[in-house]
Amino acid sequence: MKARGPLDPRFVAEVRSRLLEKWNRGHRDLPWRRRRDAYAILVAEVMLQQTRVETVVPYYERFLRAFPNLRALARAPLPRVLAAWSGLGYYRRARMLREAARTILSRHGGRFPETYEEVRALPGVGRYTAGALLSIAFGKPFPVLDGNVARVLSRLLALRGDPRRNADRLWSVAASLVPPRAPGEFNQALMELGALLCAARAPRCPACPLRTGCAARQGGGVVARPAKSRERERPVRQEGAESVNTPPAPPFAPSRSSRFLASLRGSKAANASGQPAPRTVRAKPRGKRRPPAAVPVVDVAVAAIWRGDEYLVARRPLRPGTHLPGCWEFPGGKRRPGESARACLKREVAEELGVEIAVRPEFLRLSHRYEDRIVRLTAHRCRILSGVPRATGGQDEIRWVAVERLGALRFPPANRPILERLLAFRRSRSAGS
DNA sequence: TACTCGTGGTT
DNA sequence: TAACCAAGAGT
């Protein structure tokens, strides 16, 4: 192993103060940031593992309402915990979180452990979560290294290679950076920087408090970092191959102050050519063409929104003159030109039912020939993310209906295969368990 | 070490 | 559209 020298203390001090200053000027108001008790932080950190902040928020609030404290969670039957977790993914996390709560009750008498070894020993608590917990809930200077921090530090120090191989180095850098005071704020500031400014694809370098000390920015390899685990085989252009790595943000005049942090870090920061990189012009991959049809073809997206064993269906108005009056159907509608099925469903369901949904992968695609047109439909399973469905789009009525009773309702012919598929889901599920 | 676990969003 | 990515952990 190479003995890399420790970071310059002045560099460390500068990074700390700039990050904390930024944090104190303002940060996102997230529900778990409103409390400091270890239980709430633990729940948040586990939910946040490999899961976006925006996804976690509604689950977090519901979960804490259902299980407001350690005891409530430890005592809760596992199926209830899993139900509250349903839709978040990585369900092992839910089991381990409950197990951790039980461990704290049995092994620590209900008092949250405060040493690294004890916290780390809890089920589902790895190096990251232990560091987050100890720094945020208990104000202890342990580092965190998540995807955000790895990216920020890789860029800040212009590390080469796969961040996974650099993990040791990154952990040690993170450890040198955490300040003894306000380590929790510092760690969150570092992650928030990675989430909001030092983003993977479109970094907002001009707004970054560390920009003048960022080696990648001075070397021009910001978006190229961190390197991917496996370099893609890409046709390499003869000239200007490097230009691919140029940040998409407009080039900035090299600032006078950029020498400040760079000198502390000891970067040699070779001066990049002052020329803006030539833009790569890509041929548009468009050009799909549909064969001329005797009758119009209509693209339709259908949402099978489920809750337990029930699906949400709506009834078309009885008013004569409407197409298929009084027929039941799944929510959805016509796709607009160029609109993805996913976007279409989110839009249609918001309009028709006033709720926000998550669209899961397509489970059925078919076309149905009516007399006057051909309907091509794609069906997705969907879940409600927020809101309570109401008939806001002119339907006669909406209803949650158990799968096996769907058959009793009158559906348009094109929807029949959907019913069959949903019934098949149900059968395979009950047979599987 | 490298794989698996879920789901939603992004490009 | 397909691949990649997201406040990782366990095996």
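The coordinates are above.
This section reports on the structure supplied with the text.

A few words now on the pattern of salt bridges. Taken as a whole and judged by the stated rule, the model has 16 salt bridges. Here Glu-14 makes a salt bridge to Arg-18, at a shortest N to O gap of 3.0 Å. Here Arg-18 and Glu-14 lie together in helix H1 (residues 9-25), a separation of four residues that amounts to about one turn. Among the salt bridges present, the one from Arg-399 reaches Glu-397, with a minimum N-O distance of 2.9 Å. Judged by relative accessible area, Arg-399 falls into the partly exposed class, the value being 36%. Because the salt bridges share partners, they merge into one network encompassing Arg-28, Arg-33 and Glu-192.

Applying the stated criterion across every chain, the model contains six aromatic pairs. Aromatic side chains Trp-32 and Tyr-60 sit 5.3 Å apart centroid to centroid with 80° between the ring planes, which places their arrangement in the edge-to-face category. Pair noted here: Trp-32 is in the loop between H1 and helix H2 (38-47) and Tyr-60 is in helix H3 (residues 53-66), with a separation of 28 residues, a long-range link. For the pair formed by Trp-32 and Tyr-60, the shared burial category is buried. Within the aromatic cluster, the residues linked to one another by ring pairs are Phe-63, Phe-67 and Trp-85. Positioned above the aromatic ring of Tyr-59, the side-chain terminus of Arg-62 is 4.8 Å from the ring centre. In this structure, Arg-381 is placed above the aromatic ring of Trp-306, and the distance from its NZ or CZ to the ring centre is 4.2 Å.

The rules behind each value
Residues numbered from 1 in each chain as written. Chains lettered and ligands numbered in written order. Predicted model: local features only at pLDDT ≥ 70, side-chain atom pairs only at ≥ 80, totals over all residues. Heavy atoms only, no water. Salt bridge = Lys/Arg side-chain N within 4 Å of Asp/Glu carboxyl O. Helix = DSSP H or I, 4+ residues; strand = E, 2+ residues; numbered from the N terminus. Buried < 20%, exposed > 50% of the residue type's maximum accessible area, 1.4 Å probe, protein only. Phe/Tyr/Trp six-rings, centres within 6.5 Å; stacked < 30°, edge-to-face > 60°. Lys NZ or Arg CZ within 6 Å of the ring centre and 35° of its normal.

From the geometry alone we can't say anything about function, so treat these as descriptive.
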